Amino acid sequence: MSPSTPGADIPDHPDRLWRNPEPKRSYDVVIVGGGGHGLATAHYLAKNHGVTNVAVLEKGWLAGGNMARNTTIIRSNYLWDESAGIYEHALRLWEGLEEELDYPILFSQRGVLNLAHSLQDVRDSVRRVEANRLNGVDAEWLDAEQVKEVCPIVNTSPDVRYPVLGATYQARGGIAKHDYVAWGFARSADAAGVDIIQNCEVTGLDVVGGRIVGVRTSLGPIAAGKVALCSAGHTSVLAAMAGIELPLQSHPLQALVSELLEPVHPSVVMSNAVHVYVSQAHKGELVMGAGIDAYNSYTQRGAFHIIEEQMSAALELFPVFARAHVLRTWGGIVDVSPDASPIVGLSPVDNLYLNCGWGTGGFKATPGVGWVYAHTIAHDTPHTLNAPFSLDRFTTGALVDEHGAAAVAH
């Protein structure tokens, strides 16, 4: 392929990325969930804390859950100090992750635009830009003409239903190739001695005297000194096995890709009012998503009318896409907390740890949450960056309300 051909820069993989061992009967740490967060946690347990007697248990194939079912957007321009702290930590790790893992992840810092379509949008957006700057996060406010300069294919006509009045812009934001990210973390963890066990479903948690002592799986019981839950929309189901009721709702979140196109979309564009976000992947397909389906479900598919609304919104912002064909659609299962912020930290059961509630923002946090979750597990105390996201904030009232800055409605 020529260098200008879409997909020409996607590298080949080694034939084998990690071992597929049989599970041992006991581990120091068992991580439940072999997606991005679970694999990143295993990587940083080994790299930062020297903890390598670790198993990552995945009920299906590696990174076949939400990691394979997201839209890969990376940014850190959240409103509140607590959110900006953990997402900016993640973004800084993203910027050096390819070198750290010695594996291509195709992190493309093409910039992220969050469009404003009303005067209230403008006020909220400018407020967020100033909050970002105070937290050391790169952020700009662009008017409609400047939006057009960054992304020439956006329709900035004043005659549309929701005219573009401006946008926040984070130049360091962008996208990465989700499966390469998972494989890079898996390869690194495996090389450090971590066992990655696929097709191993956790069917029960063994708690004795208020302390977790092991897990029951489809491959037999496994004793564990510590157990870390990293299973996104299914975390509440697993926690219930230990008698913990989590304040989470699980919803389908749908996305789609178009047929392959020549490079046409240079950035990432998000809109809450028109309700779509769009980027162009490395191979050339347009990647589109929107908000969650309103009903609770554990199915990895959703309702057709949501896709129809996404297409309508996309065509309003990007009339140039009118003749593009949808290639495929899919759904993930997102876990949403009452304040649209994650739960990362200790649980009421000793040595059982929680990482959940990321809603639509889990992918962008991957290296950052892996770092702080590994610290929490290794030291049995939260890292300063995830301390605000403890479970007890729902009883103390110290909420981190990110409904607005999540960019699409929860």
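Everything numeric in this text was worked out from a predicted model, so none of it was measured.

Before going further, it helps to spend a moment on the pairing of strand β2 (residues 54-57). Side chains of β2 alternate between two faces, with Val54 and Val56 and Ala55 and Leu57 buried alike. Note that strand β1 (residues 26-32) and β2 share four bridges and pair parallel. The partner of Val29 across the bridge, within β2, is Val54. At this point the chain moves from β1, through helix α1 (residues 36-49), to the parallel β2, and the crossover so formed is right-handed.

Attention shifts here to the nonpolar core. As a rule of thumb, soluble globular proteins bury nonpolar side chains together. Among the nonpolar cores identified, the biggest contains 52 residues, and Ile31, Leu39, Leu45, Trp94, Val181 and Phe185 are the most heavily contacted of them. Listed by contribution, the elements that provide at least two residues to this core are β1, α1, β2, α2 (81-101), α5 (178-191) and α8 (366-379). For this core, the element with the most residues is α2, which contributes eight residues. With residues up to four places along the chain from it excluded, the contact list for Ile31 reads Gly38, Thr41, Ala42, Leu45, Val54, Ala55, Val56, Leu57, Ala228 and Cys230. Counting 27 residues, the second-largest nonpolar core is a separate cluster that includes Ile212, Val227, Ile244 and Leu391.

Before going further, it helps to spend a moment on the packing of aromatic side chains. Within this structure, the stated rule accounts for nine aromatic pairs. Measuring from centroid to centroid gives 5.9 Å for Tyr87 and Trp358, while their planes differ by 85°, and the two rings are edge-to-face. Of this pair, Tyr87 sits in helix α2 while Trp358 sits in the loop between β18 (352-356) and α8, and the two are 271 residues apart along the sequence. The burial state of Tyr87 is the same as that of Trp358; both residues are buried. Feature note: the residues Tyr44, Phe185 and Trp371 constitute an aromatic cluster, connected by ring pairs.

Moving on, we come to the confidence of the model for the protein. With 95% of its residues at a pLDDT of 70 or more, the protein has an overall mean of 93. Within the model, pLDDT remains below 50 along residues 1-6, and this stretch shows twelve contacts once partners closer than five positions in the same chain are excluded.

Opposite charge on two side chains lets them pair, provided their charged atoms get close. By the definition in use, this model includes eleven salt bridges. With a closest N to O distance of 2.9 Å, Arg19 and Asp190 form a salt bridge. Separated by 171 residues along the polypeptide, Arg19 in the segment before β1 and Asp190 in helix α5 bring together distant segments of the chain. Here Arg19 falls in the partly exposed class, since its relative accessible area comes to 31%. We classify Asp190 as buried; its relative accessible area is 10%. The closest approach of N and O atoms between Glu88 and Arg92, which form a salt bridge, is 3.1 Å.

Each value, and the rule that gives it
- Residues numbered from 1 in each chain as written.
- Predicted model: local features only at pLDDT ≥ 70, side-chain atom pairs only at ≥ 80, totals over all residues.
- Heavy atoms only, no water.
- Buried < 20%, exposed > 50% of the residue type's maximum accessible area, 1.4 Å probe, protein only.
- Helix = DSSP H or I, 4+ residues; strand = E, 2+ residues; numbered from the N terminus.
- Pairing = 2+ DSSP bridges.
- Right-handed = clockwise from strand over helix to strand, strands pointing away.
- Core = buried A, V, L, I, M, F, W, Y, C linked by side-chain atoms within 4.5 Å.
- Contact = heavy atoms within 4.5 Å.
- Phe/Tyr/Trp six-rings, centres within 6.5 Å; stacked < 30°, edge-to-face > 60°.
- pLDDT = per-residue confidence, 0-100.
- Salt bridge = Lys/Arg side-chain N within 4 Å of Asp/Glu carboxyl O.

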